[in-house]
Amino acid sequence: MVAAFTSCKKVCNCTTYVADDEGTTYEYTVSQLNDLFPDIEVKKCTDVNTVETLEIVGKNGTECK
């Protein structure tokens, strides 16, 4: 029996927040995120999430889903 495997590229939707303002959402593959974040071994979209909510300015950082 011969099995055929198809690989699919996971697409992540990443949004940047600055002072609680939502920026543009961009689509990246996990491979592209690995290129953008060379210090992190990205295996899933959420590996690059850096969003934190600060009391004075609100939401800041990048969120990928």
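Along each chain, the written sequence defines residue order, and numbers are assigned to residues from 1. Only residues with pLDDT of at least 70 get local features here, since the model is predicted, and only at 80 or more are side-chain atom pairs given and counted; chain-wide, interface and lining totals rely on the full set of residues. In computing side-chain values, all of the structure's heavy atoms are included and hydrogens and water are not.

K.L.:
Would you mind showing me how to read the pattern of salt bridges here?
P.N.:
A pair can form between side chains of opposite charge whenever their charged atoms are brought close. The term salt bridge refers to a pairing of a side-chain nitrogen on Lys or Arg with a carboxyl oxygen on Asp or Glu at a separation within 4 Å. Summed over all chains, the structure comprises two salt bridges. Residue Glu41 is joined to Lys43 by a salt bridge in which the shortest nitrogen-to-oxygen separation is 3.9 Å. Lys43 shares its class with Glu41; the two are exposed. Measuring nitrogen to oxygen at the nearest pair gives 3.5 Å for the salt bridge that ties Asp47 to Lys44. Burial classes: relative accessible area under 20% of the type maximum marks a residue as buried, over 50% as exposed, and values in between as partly exposed (1.4 Å probe, protein chains only).

K.L.:
Looking at this structure, how should I read unusual backbone geometry?
P.N.:
Residues apart from glycine generally show negative phi values, whereas peptide bonds are mostly found in trans. One non-glycine residue, Ala19, adopts positive backbone phi at about 50°. Mapped onto the elements of the fold, Ala19 is located in the loop between strand 1 (11–18) and strand 2 (21–29). Only DSSP runs of H or I with at least four residues qualify as helices, and only runs of E with at least two residues qualify as strands; both kinds are numbered from the N terminus onward.

K.L.:
Whenever I open this one, the state of the cysteines confuses me. Can you help?
P.N.:
Chemically, a disulfide is nothing more than a covalent bond linking the sulfur atoms of two cysteines. By definition, disulfides here are pairs of cysteine sulfur atoms that lie within 2.5 Å. This structure, assessed with the given rule, holds two disulfides. Two residues share a disulfide in this structure: Cys12 and Cys45, whose sulfurs sit 2.0 Å from each other. The sign of the S-S torsion, about -85°, decides the handedness of the disulfide formed by Cys12 and Cys45: left-handed. Taken as a pair, Cys12 in strand 1 and Cys45 in the loop between helix 1 (30–36) and strand 3 (52–54) lie far apart in primary sequence, 33 residues in all. With a relative accessible area of 0%, Cys12 lands in the buried category. Covalently, Cys14 is tied to Cys64 through a disulfide, its sulfur atoms 2.0 Å apart. Its S-S torsion of about 115° marks the bond between Cys14 and Cys64 as right-handed, since a negative value means left-handed. In this pair, Cys14 sits in strand 1 while Cys64 sits in strand 4 (residues 58–64), placing the two residues 50 residues apart along the sequence. Judged by relative accessible area, which is 4%, Cys14 ranks as buried.

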